[in-house]
Amino acid sequence: TKSVKQDGHKGGIVQVSVHPYGCEIGLAVSMDTNKMLFFWSLSTFSTLILTLHAPTYPLWKLLCKLDLQSISSDVQYSCLCWAPSVSHDNRFLVLGGEHGADCFAVRIKEEEAILCQKIFTIPFLRLGNAGPPDSIHTIPLASNCSGSFVNNSFSVVCIWRKSFQA
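About the thresholds
The numbering scheme is per chain: residues are counted from 1 as the chain's sequence reads. Side-chain atom pairs in this predicted model are given and counted only at pLDDT of 80 or more, local residue features only at pLDDT of at least 70, and totals for whole chains, interfaces and linings cover all residues. Each side-chain value is derived from all of the structure's non-hydrogen atoms; neither hydrogens nor water enter the calculation. A run of H or I in DSSP counts as a helix once it spans at least four residues, and a run of E counts as a strand once it spans at least two, with each numbered from the N terminus. Here's how the labels work: a residue is buried when its accessible area is under 20% of the maximum for its type, exposed when over 50%, partly exposed in between, all with a 1.4 Å probe on protein chains only. A side-chain nitrogen of Lys or Arg and a carboxyl oxygen of Asp or Glu constitute a salt bridge if their distance falls within 4 Å. The contact criterion used throughout is that any non-hydrogen atoms of two residues lie within 4.5 Å. By definition, no residue in a patch forms a salt bridge, and every one has over 30% relative accessible area; like charges are joined within 9 Å, nonpolar side chains (Val, Leu, Ile, Met, Phe, Trp, Tyr) within 5 Å. Note on areas: these come from Shrake-Rupley sampling with a 1.4 Å probe, and a residue is covered only by the protein chains present in the view. Summary of the metric used: pLDDT quantifies the predictor's per-residue confidence within the range 0 to 100. Pairing of aromatic side chains requires ring centres within 6.5 Å, counting the rings of Phe and Tyr and the six-membered ring of Trp. Pairs whose planes differ by under 30 degrees are stacked, by over 60 edge-to-face, and all others tilted. The definition of a nonpolar core used throughout is a set of buried Ala, Val, Leu, Ile, Met, Phe, Trp, Tyr and Cys residues joined through side-chain atoms within 4.5 Å.

Describing the overall build of the protein chain
No. 1: The number of helices and strands found in the protein chain is zero helices and twelve strands.
No. 2: Here the protein chain holds 166 residues, and 39% of them are scored as buried.

Dropping the structure here:
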């Protein structure tokens, strides 16, 4: 997968999601209408301001952007979310499209590079749903695994608001 380091969305922003686990540095992703994913690092340390009553803001830095057409030219993604899981520095991003939910392993390779690889698809059964889901969510499940995972089990829920399906 090839990433291009440039600043800013050129299309309208469809959705932004911040990974639920982070320490000093968090990870966020945004998707736009031009089928581009932008990966951001965000510091959980506040900006140093010398006044007591000044608001503090997280520091966001663009790591890279990824053209979703380079992964699949025929898939139109409509929504995304991070899975509440981490394994060996891999985080898991789930994107909802017309044919299913695609799960990607995401790893920060260097300070300004991301590895993003599709690992599986959860296909949607055609039960009258037209088009891609309006939203996608992941729910952590209890686990008894003693591996190097943080919440290694989760459920994926997609919602079609127009036809009240989940």
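Focus on the pattern of salt bridges
No. 1: This model, assessed by the stated rule, comprises one salt bridge.
No. 2: A salt bridge links K118 to D102; the shortest N-O distance between them is 3.6 Å. Note that K118 is positioned in strand β9 (residues 113-123) and D102 in strand β8 (residues 100-110), a separation of 16 residues in sequence.

Examining the environment of R91
No. 1: Structurally, the position occupied by R91 is in strand β7 (residues 90-97).
No. 2: Among the residues examined, R91 registers a relative accessible area of 16% and is labelled buried.
No. 3: As a C-alpha pair, R91 and R107 span 16 residues in sequence and 6.3 Å in three-dimensional space.
No. 4: When near neighbours in sequence (up to four residues on either side) are disregarded, R91 contacts H19, Y21, L27, W82, S85, V86, F104, A105, V106 and I108.

Focus: the environment of F39
No. 1: Structurally, the position occupied by F39 is in strand β4 (residues 36-43).
No. 2: Sequence separation between F39 and W60 is 21 residues; the distance between their C-alpha atoms is 10.0 Å.
No. 3: The residues contacting F39, other than those within four sequence positions of it, are A28, V29, K61, L62, L63, C64, L66, W82, L93, V106, I114 and C116.

A closer look at a nonpolar patch on the surface
No. 1: Taken together, the side chains of I13, V16, V18 and W60 make up a nonpolar region of the molecular surface, amounting to roughly 370 Å² of accessible area.
No. 2: Ranked by the residues each element gives to the nonpolar patch, the list is headed by strand β2 (residues 13-18), at three residues.
No. 3: Summarising the element assignment, V16 is placed in strand β2.

Quick look at the confidence of the model for the protein chain
Detailed conclusions should not be drawn from predicted coordinates in areas where pLDDT is low.
No. 1: The share of residues in the protein chain with pLDDT of 70 or more is 70%, and the mean pLDDT across the chain is 77.
No. 2: Looking across the protein chain, the model is least confident in strand β1 (residues 3-4), with a mean pLDDT of 44, and most confident in β7, with 92.
No. 3: Confidence drops under a pLDDT of 50 for residues 1-6, and excluding neighbours within four residues, the segment shows 15 contacts in the predicted structure.

Examining the packing of aromatic side chains
No. 1: Under the criterion given, the structure shown has three aromatic pairs.
No. 2: Between the aromatic rings of Y77 and F104, the centroid separation amounts to 6.5 Å while the plane-to-plane angle is 75 degrees, which identifies the pairing as edge-to-face. With Y77 in strand β6 (residues 77-87) and F104 in strand β8, this pair connects stretches of sequence that are 27 residues apart. Each member of the pair, Y77 as well as F104, carries the same accessibility label: buried.
No. 3: Between F124 and W160, the aromatic rings sit 5.0 Å apart at their centres with planes inclined by 80 degrees, giving edge-to-face as the arrangement.

Notes on unusual backbone geometry
No. 1: The residue K35 is not glycine, and still its phi comes out positive at about 60 degrees.
No. 2: Relative to the helices and strands, K35 is located in the loop between β3 (25-32) and β4.

Section: the nonpolar core
No. 1: With 19 residues, the main nonpolar core has L37, F39, L93, L95, V106 and I114 as its most contacted residues.
No. 2: Counting only elements with at least two residues in this core, the list comes to β3, β4, β5 (59-67), β6, β7, β8 and β9.
No. 3: Other than its neighbours up to four places away in sequence, L95 contacts M31, L37, L68, Y77, C79, L80, G100, A101, D102, F104 and I136.
No. 4: Judged by nonpolar contacts, the second largest core, of twelve residues, contains A83, F92, C103 and A105.

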